[in-house]
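Observations on chain architecture
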Amino acid sequence: MIPAPRSVLFVPASNARALEKARTLDCDAVVIDLEDAVGPADKDAARAAALGALPSFGGRAAVRINAADTAWGANDLEALRGQPALALVLSKAGSPDEVRWAASAGLPVWAMIETLAGVLDLAAMAAEPGVEALILGQNDLAAEMGALAGPNRAPLHWAMSLIVTTARFHGQIALDGVFNAYRDEAGFAAECAQGRAFGFHGKTLIHPSQITPANAAFGPSQAEIAWAQAVVDAYAADGAEQAGVLSVNGQMVERLHLEQARRVLARG
């Protein structure tokens, strides 16, 4: 399991300039996209471009393939066997069978939850060997629901909580969905804050301008790091190693907070 990424940038495999630029960006991971961002006529060329680009990312790039029931899914899957990809991103994951199909490539699977079937069969899919991350595909999910998500994404809250709860239960990564209005800085910041409040580890992105604010939103603040260090130091003091409850900076903390503090410092 890799450290949970704060920022995961989707890049079309068919866009050579974007692929080249992505190598230099400060996102924690890149997803080279063979699915939605690539038109039918460009699928084969995009697959070849993705395979050519992968080694230059040093293990920081995953690849999103087309679904098993498309004309390109089987070729995408076969092409990724033995490749130095961070993960295989399974679009429109809807059943354990589809997850097992994706896992047969021998790579960690990041399952995109963007269909009603994916939400309703989430527990079974997440329990499959090889699943490393669950990703909210909010645009497709809202469309299939017939929902108008709106700025607060209220119709998606149940699915968001379910994704985070399931991922955390299995020790997997939970990634929030993309925010399309990349020039709306305030809207993006608000959605990042909401995603973090729900418990997502990080956010998927569609534009390089979203990387820095996502890294800031999903990384620990200086105040959080200071709190975490104070908790760790308190439990490391003489006689406190086995304590159940301690007072730290005027607040009562328990051992569960010690584990939380350690996670904050590791992430920081």
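Preceding block: the structure.
Residues numbered from 1 in each chain as written. Predicted model: local features only at pLDDT ≥ 70, side-chain atom pairs only at ≥ 80, totals over all residues. Heavy atoms only, no water.

Some thoughts on the sheet that holds strand S7 (residues 173–176)
The pairing of strands in a sheet happens through backbone hydrogen bonds and is either parallel or antiparallel. Quick note on the threshold: Strand pairing is defined by DSSP finding a minimum of two bridges between the two strands. Counting from the N terminus, the helices are the DSSP runs of H or I reaching at least four residues and the strands are the DSSP runs of E reaching at least two. Every angle, taken between N-to-C directions, lies between 0 and 180 degrees, and every axis is a line fitted to C-alpha atoms, over only the stretch in contact when it is a helix. Here, two residues are considered to be in contact whenever any of their heavy atoms come within 4.5 Å of each other.
Spatially, S1-S2-S3-S4-S5-S6-S7-S8 is the arrangement adopted by the eight strands of the closed barrel, whose pairing is parallel. With direction set aside, neighbouring strand axes in the sheet form an average angle of 30°. The pairing of strand S3 (residues 61–65) with strand S4 (residues 88–90) spans three bridges and is classified as parallel. What sits directly across from Arg-64, in S4, is Val-89. Those strands touched by helix H3 (residues 73–80) are S3 and S4, and its axis lies near 155° from that of S3. Lying over the sheet, helix H9 (residues 185–198) contacts S7 and strand S8 (202–205), oriented at roughly 140° with respect to S8.

Thoughts on helix H8 (residues 157–170)
What counts is decided by this rule: Here a helix's expected span is defined as the number of its residues, less one, multiplied by 1.5 Å. Accessible area is worked out with a 1.4 Å probe on protein chains only. A residue is then buried under 20% of its type maximum, exposed over 50%, and partly exposed in between. As used here, the arc belongs to the directions running from the helix axis to the C-beta atoms.
For H8, spanning 14 residues, the distance from its first C-alpha to its last is 20 Å, which sits close to the expected 20 Å at 1.5 Å a residue. Turning to H8, its buried residues number three or more, namely Ala-159, Met-160, Ile-163, Val-164, Thr-166 and Ala-167. Down the axis of H8, the buried side of the element spans an arc of 165°, and every buried residue falls inside it. Turned more than 90 degrees from where H8 packs its buried face, Trp-158, Thr-165 and Phe-169 sit exposed. Looking one or two residues past H8, Gly-171 carries a phi angle of roughly 70°, positive in sign.

Some points on the nonpolar core
Generally speaking, a soluble globular protein has its nonpolar side chains buried in company with each other. Our working definition: Only buried residues count toward a nonpolar core. Its members are Ala, Val, Leu, Ile, Met, Phe, Trp, Tyr and Cys residues joined through side-chain atoms within 4.5 Å.
Grouped together as the largest cluster of nonpolar side chains are 56 residues, with contacts concentrated most on Val-30, Ile-32, Phe-57, Leu-88, Leu-134 and Phe-200. Among the elements that line this core, the one with the most residues is H8, at five residues. If sequence neighbours within four positions are ignored, Phe-200 has contacts with Leu-136, Met-160, Ile-163, Val-164, Arg-168, Ala-174, Leu-175, Asp-176, Gly-195 and Phe-218.

Topic: the packing of aromatic side chains
For clarity, the threshold we go by: The criterion for an aromatic pair is that two Phe, Tyr or Trp rings (for Trp, the six-membered ring) have centres within 6.5 Å, with stacked assigned to planes under 30 degrees apart, edge-to-face to planes over 60 apart and tilted to the rest. Here, a charge over a ring is recorded when the distance from Lys NZ or Arg CZ to the ring centre is within 6 Å and its angle to the ring normal is within 35 degrees.
Counted by the stated rule, this structure contains one aromatic pair. Where Phe-179 meets Phe-188, the ring centres are 5.9 Å apart and the plane angle is 55°; that geometry is what we call tilted. The class of Phe-179 is buried, set by a relative accessible area of 11%. Of the residues examined, Phe-188 reaches a relative accessible area of 4% and is grouped as buried. Directly above the ring of Trp-72 sits Lys-43, whose terminal nitrogen or CZ lies 4.9 Å from the centroid.

From the geometry alone we can't say anything about function, so treat these as descriptive.
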